[in-house]
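Understanding the architecture of this molecule
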Amino acid sequence: MSKFEISKEDTKKMQRIGLKMVKYFDAFCSNHGLTYFLCGGNCIGAIRNKGFIEWDDDVDVFMPRKDYEKLQRIWQDTNDYIIQFNRENQPNYATSVTIHDRNTTFVKTTICNRDIAQGVAMDVFPLDPAPNGIKRKIQQFWAIVYSIYSICDTPKNHGTLIRLLGHIPLFLLPTRKIRFKMAKFAERKMSKYKINECDNITELCAGPGYMMNDYPKEIFSDSIRVEFEDTMLPIPIGYDQYLKIAFGDYMSLPPIEKRVNHHEYEFIDLDTPYLSYRGIEYLKNN
């Protein structure tokens, strides 16, 4: 459980921080010819609310794999934003790219003892071509391997048995260096398929449930810009089909008890850089 409950005021403030971040990201992508789409709750919010869902507190986007890899090569950190992804000498402990606001503190429970950025974050998830038949099962296997060795932790919220089984690959490769090499190997294996050879696209880095989804590739063949708060941002041209596959009846509100954010966190200060709390509110054990 979270140590703190996030207030409505902080949720609104996180939305303003996230909106500023995605505006910067949008301009960066436009300037460098990169394609991206709002995804998940942000895509739903764009259609249903013309902005953030009331209880949503972050920004998530999709990028086609080639744009996702280019982003990692060309991004330049600023005084406000820093990018993190898994590198041997700078682990991210996440399956995807994250961009953090340097001037805020948002310490998640799962990474509170790791020496990484702890600011309000925007997740960038790659989209990969999905083959058919047995090749798809093999792709999913490598995606799970990639997830375990990227995060260096076992799957949570999927039962005790799955969590226990997840300890086995970590035990077999005990050092960060060899785990990093295995993660990069698994990433190459799962992302090797060509879009012109596949009918579908999938999201391999957004969690075990989502990696099973197959989306017709036409959904992401182009984007349309729609109103989102006080700006216009891109969503997939086939957003309706994408959202129905991923979320079902996305236009209906969930039960009241589910209208909450789902992050577990230890500490939050949206006005102070996270480095001010290093060794105090995170990385306490080191």
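Read on for an overview of the structure. (Residues numbered from 1 in each chain as written. Predicted model: local features only at pLDDT ≥ 70, side-chain atom pairs only at ≥ 80, totals over all residues. Heavy atoms only, no water.)

1. Overview of the packing of helix 1 (residues 8-32) against helix 3 (residues 65-74)
Condition: With axes taken as lines fitted to C-alpha atoms, and helix axes fitted only over the stretch in contact, angles between N-to-C directions fall between 0 and 180 degrees. A run of H or I in DSSP becomes a helix once it reaches four residues, and a run of E becomes a strand once it reaches two; helices and strands are each numbered from the N terminus. Convention used here: angles under 35 degrees read as roughly parallel, angles over 145 as roughly antiparallel, angles from 65 to 115 as roughly perpendicular, and any remaining angle as oblique. Contact between two residues is taken to exist if any of their heavy atoms lie within 4.5 Å; hydrogens are not considered. Throughout, the ten residues Ala, Val, Leu, Ile, Met, Phe, Trp, Tyr, Cys and Pro are labelled nonpolar, Asp, Glu, Lys and Arg are labelled charged, and all others, Gly among them, are labelled polar.
Running from N to C, helix 1 and helix 3 point in directions that differ by 100°, and their axes come no closer than 12 Å. By the angle between their axes, helix 1 is roughly perpendicular relative to helix 3. Between helix 1 and helix 3, the residues in contact are Phe25, Phe28 and His32 and Lys70, Leu71 and Ile74, respectively. Among the residues forming the contact of helix 1 with helix 3, the class breakdown is four nonpolar, one polar and one charged.

2. A word on a nonpolar patch on the surface
For the record, the criterion: Each patch is assembled from residues with relative accessible area greater than 30% and no salt bridge, linking like charges that lie within 9 Å and nonpolar side chains (Val, Leu, Ile, Met, Phe, Trp, Tyr) that lie within 5 Å. Only the protein chains shown count as cover for residues, with accessible areas throughout obtained via the Shrake-Rupley method and a probe of 1.4 Å. The term salt bridge refers to a side-chain nitrogen of Lys or Arg lying within 4 Å of a carboxyl oxygen of Asp or Glu.
Together, Ile168, Phe171 and Leu172 make up a nonpolar patch on the protein surface, roughly 370 Å² of accessible area in all. Within the element layout of this structure, Leu172 appears in helix 5 (residues 160-172).

3. Regarding the side chain of Ser150
Heads up, the condition is: Throughout, exposure labels follow a simple rule: accessible area from a 1.4 Å probe, protein chains only, divided by the maximum for the residue type, with under 20% read as buried, over 50% as exposed, and the rest as partly exposed.
Secondary-structure assignment places Ser150 in helix 4 (residues 134-151). Taking the relative accessible area as the measure of exposure, Ser150 reaches 1% and is therefore buried. Leaving out residues up to four positions away in the same chain, Ser150 has contacts with Asn86, Tyr93, Ala94, Thr95, Arg176 and Ala183.

4. Quick notes on helix 6 (residues 176-190)
The condition that has to hold: Working rule for helices: expected span equals 1.5 Å times residues minus one. The directions from the helix axis to the C-beta atoms form the arc being described.
Between its terminal C-alpha atoms helix 6 stretches 21 Å, which fits the 21 Å expected from 15 residues at 1.5 Å a residue. What helix 6 keeps buried is the set Arg179, Phe180, Ala183, Ala186, Glu187 and Met190. Buried residues of helix 6, viewed axially, fall in a sector of 130°; they line one side. Exposed positions of helix 6 whose direction lies more than 90 degrees from the buried face are Lys177 and Arg188.

5. Things to note about the packing of helix 2 (residues 40-48) against helix 7 (residues 239-247)
Using the following cut-off: Should the near helix be turned anticlockwise from the far one by less than a right angle, the crossing is left-handed, and should it be turned clockwise, the crossing is right-handed.
For the pair helix 2 and helix 7, the least separation of the axes is 11 Å and the interaxial angle reads 130°. Taken together, the axes of helix 2 and helix 7 lie oblique to each other. For helix 2 against helix 7, the interelement crossing comes out left-handed. Of the residues in helix 7, those touching helix 2 at Gly40, Cys43, Ile44 and Ile47 are Tyr239, Tyr242, Leu243 and Phe247. Split by residue class, the contact of helix 2 with helix 7 holds seven nonpolar, one polar and no charged.

6. A word on the packing of aromatic side chains
A ring pair, where both rings are aromatic, is described by two values, the distance of the centres and the angle of the planes. Going by this rule: Here a pair means two rings of Phe, Tyr or Trp (six-membered ring of Trp) with centres within 6.5 Å. Their orientation is stacked below 30 degrees between planes, edge-to-face above 60, and tilted elsewhere.
Tallied over the full model, the rule gives 17 aromatic pairs. Relative to Phe220, the ring of Phe37 lies with its centre 5.5 Å away and its plane at 65°, an arrangement referred to as edge-to-face. Of this pair, Phe37 sits in strand 1 (residues 37-38) while Phe220 sits in the loop between strand 8 (215-216) and strand 9 (223-228), and the two are 183 residues apart along the sequence. Residues Phe37 and Phe220 agree in their burial class; the two are buried. Relative to Phe220, the ring of Tyr215 lies with its centre 5.9 Å away and its plane at 70°, an arrangement referred to as edge-to-face.

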